[in-house]
Amino acid sequence: DSPRSWEPDPKAATEQAKRKKKPKLLKMVPSSLIKFHTFQKKEKGHAGATSPITKKPKENLEGPCGLGCIVISRCQRFNTLHCFVVFFCLLITSQGIVFGLKELSMDIFEKDSHLNDVENLLLPLTYDISSSLVAVFIAYYGGKGNIPRWVTFASFLVGFGSLLFAYPYFTEGAFKANVDIEDICQEMKSVQPCRKTAPSFHVKYLVSFILGQTVQGVAAMILYILGIVFIDNSVAIHSTGIYIGIMEASFVFGYSLSYGIAAPLLKGTKNRTSAISWLQHWWIYFGMVSLIAWSTLIPLSCFPHSVQGTAKIKAEKRKQPHPFGGQIKDKEFETSIKDLFATLWVLLKNPILICLALTKAAGSFVFIGASEYLPLYIENQFSLTRPIATKIAGFVLLPAGGLGELLGGIIVSTLHMSCKALMRFIMVTSAVSLMFFGFLIFINCAPVPFAGINEDYSGTGQLGNLTAPCNSHCRCSSSFYSVICGRDNIGYFSPCFAGCTLFKTLNDGKAYYNCSCIQEGLTTSDEQGDFIDARPGACNTKCYKLPLFIAFFFSTILFSVLSNTPCTLTILRIVSDNQRSLALSLTYMTLRLFATIPGPMLFKLSGDSSCLFRETEYCKRKGNCWSYDKKKMAYLMVGICSVCKVFAIFFTAIAYCLYKYMSKRDGDSLHIPVKSVKVKKKGKK
């Protein structure tokens, strides 16, 4: 035999190797991982052969669900939009909780610290300013990238921002304010009304909350712009509303939930001496929210550029007629700054988009008013404590806001509404909420007699002056608010202003005795036979309109937020696919400019204008308001919210008329200028 006769044929050996079974070690590697690795090589190989300018945009970007190169076959069943929405809504809920906790915490800090004008302006507006600055860039460049990766980054930012909010409480949770306790009438005592929080805590709080709000502002734009675009890409055109409604309801749920869980921390916000002991517990809630947000990091990072079925859904969407009659083609723009501003100019020349953005801003004003003003309104209108008023506000906002957002998405998706039908739906729901606002103005309680405010100490004092002959010897200070109710059913600013010289702690609470300003009313004795003159807390208003107020306000919020999801859907439909994220960024910038920035300021000014008595002894600075005009509060709240709903109807009507007019003029097609935008051309890089 020839020496080479025993050598195997190379071709035969190759075929035999292919037919050979995989080794046991290779069996442990999922086949999907091998396919994914081959897919990456294939894409890399074609990248150099085809010009990125002349090639068609990739339609099928679906990939396996996995963490980097780790892909498990059994986990591919979770590679669906439903699983993505579960973790996405959990993240949205956590940010809603952060928002509520942040606002309640800031409210206490502002009252305790008496901030200057610059700090008062900068602290609450940092979130809106930061989100407005990055919205356009996130929308333009993030919309062209891997959106699940952006959302994963947002989940990290939400958790990190929450930790920044917790930092000042965690490092100095047991700080003590310089407060001299004053409770009863004493002729010889030293009162120091000028009090401040610890300087180190003050600085840490300002820095941490400014940075935290900046981080949260960036995260919010990623979630509410890119998240909506990702959902819209992955579902049928008439199913988007349901998912957006679920997303919006998740935020409302988290925001309202924060009012319920943080209400115990608001104990004693008027009596500052007891408020300080509660502040050390804030970091626990912020830390828990960080854990919830970061629990979504790994699941969200496993999703590919597009979930399974996205390519098929996009193909079906292309078969459906566009509201603009097909004149606007889905052109792909360059990524330079020049093209960014060119695309922005195209959208700014779209009058329907601008009107709908103003509609969304006007509608958001109502919910801002409810969240900012409602706890204070309920507390003073129905003479409740701050924790109870905050809980009631949260329990009204939670079902009404969440149910309204969810129902709005379900209704428009079930009825398969067109753009015209969506705008009609917005006008109808806004009109109904406006009608309910009209009824709210008649639901108020008569003011309770309050010594020095609307009662003159039985003729011995003057209205607007807490000091009277019966308490002039007590050296009382208006900086310490601790309301009590005398046996004459008259409220007093504090036991000192009632002239009380003694107090006892009984089984059912504290009681005050020997009050020189309380001379009338039925007397009751304690276990030792001493006559009780007053007890802590406001007097009973004998007003039973709170359930009626809750019912009407619930209906108002419900119909008000019903229009949020339809408004977002209309905006998504009147622009091309590549402009959706940028159109949403312009919408949220408009919302910040005309709603979230001026809204809290306007409602705060309305509260200040309703003030009847304000603290005047705080280091020559503007003090806190202790008593409000109930009727004026009702008129201002209803008036501001009603005007906002009128503007929402007005701008929607303009958008509807423009849409209808342009459709008739162009033969059921809407002309939007796009010639000025630089588009990709062959041979140009």
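Positions within a chain are numbered from 1, following the residues in the order the chain's sequence is written. At least 70 in pLDDT is required for a residue's local features to be given in this predicted model, at least 80 for side-chain atom pairs to be given and counted, and no such filter applies to totals for whole chains, interfaces and linings, which use all residues. Only hydrogens and water are removed before side-chain values are computed, so all heavy atoms of the structure are retained for them.

(A) Representation of the packing of helix H14 (residues 351-381) against helix H19 (residues 580-596) within the structure. Fitted lines through C-alpha atoms serve as axes, helices being fitted only where they are in contact, and the angles separating the N-to-C directions of these axes extend from 0 to 180 degrees. Secondary structure counts use DSSP, requiring at least four H or I residues in a row for a helix and at least two E residues in a row for a strand, with both numbered from the N terminus. H19 packs onto H14 with a crossing angle of 45 degrees between their chain directions and a minimal axis gap of 8 Å. By the criterion of interaxial angle, the relationship of H14 to H19 is oblique. Here the hand of the crossing between H14 and H19 comes out right-handed. On the side of H14, the interface is formed by Leu353, Ala357, Leu358, Lys360, Ala361, Ser364, Phe365 and Ile368, while H19 contributes Ala583, Leu586, Thr587, Thr590, Leu591, Phe594, Ala595 and Thr596. Residues are grouped as follows: nonpolar covers Ala, Val, Leu, Ile, Met, Phe, Trp, Tyr, Cys and Pro; charged covers Asp, Glu, Lys and Arg; every other residue, Gly included, is treated as polar. For the contact of H14 with H19, the residue count by class is 11 nonpolar, 4 polar and 1 charged. Roughly parallel here means an angle under 35 degrees, roughly antiparallel means over 145, roughly perpendicular means 65 to 115, and every remaining angle is called oblique. The sense of a crossing depends on the near helix, which, turned anticlockwise from the far helix by less than a right angle, makes the crossing left-handed and, turned clockwise, makes it right-handed. By definition, residues are in contact when any of their heavy atoms lie within 4.5 Å.

(B) Here's a closer look at the state of the cysteines. Put simply, a disulfide is two cysteine sulfurs that come within 2.5 Å. Across all of its chains, the model carries 7 disulfides by this definition. Here cysteine 445 engages in a disulfide with cysteine 543; their sulfurs sit 1.9 Å apart. Note on the cysteine 445 and cysteine 543 pair: the S-S dihedral is about -70 degrees, so by sign convention the disulfide is left-handed. Placement of cysteine 445 in the loop between helix H16 (419-440) and strand S3 (484-486) and of cysteine 543 in the loop between strand S9 (534-536) and helix H17 (546-561) is noted, with a sequence separation of 98 residues between them. Each member of the pair cysteine 445 and cysteine 543 is classed as buried. The disulfide that involves cysteine 476 links it to cysteine 496, with 2.0 Å between the sulfurs. Here cysteine 476 and cysteine 496 share a disulfide; its torsion about the S-S bond, -90 degrees, makes the bridge left-handed. Per-residue accessibility, obtained with a 1.4 Å probe over protein chains only, is compared with the maximum for each type, and a residue is labelled buried under 20%, exposed over 50%, and partly exposed between these values.

(C) Looking closely at H14. With 31 residues, H14 should cover 45 Å at 1.5 Å per step; its first-to-last C-alpha distance of 42 Å lies within 8% of that length. To get the bend at a given residue, fit one axis to the seven residues ending there, fit another to the seven starting there, and take the angle between those axes. Maximum bend of H14: about 50 degrees, positioned at tyrosine 373, with proline proline 375 one to four residues after it. Within H14, 28 of the 31 residues are buried, which leaves the element mostly enclosed by the surrounding structure. Two N or O atoms form a polar contact when they lie within 3.5 Å of each other; inside protein one atom must be a possible hydrogen donor and the other a possible acceptor, and for residues adjacent in sequence the pair counts only when both atoms belong to side chains. Of the residues that open H14, the one with a side-chain oxygen 3.2 Å from the backbone nitrogen of isoleucine 352 is asparagine 350. Serine 383 sits one or two positions beyond H14 and adopts a positive phi of about 55 degrees. By this rule, a helix spans an expected 1.5 Å times one less than how many residues it contains.

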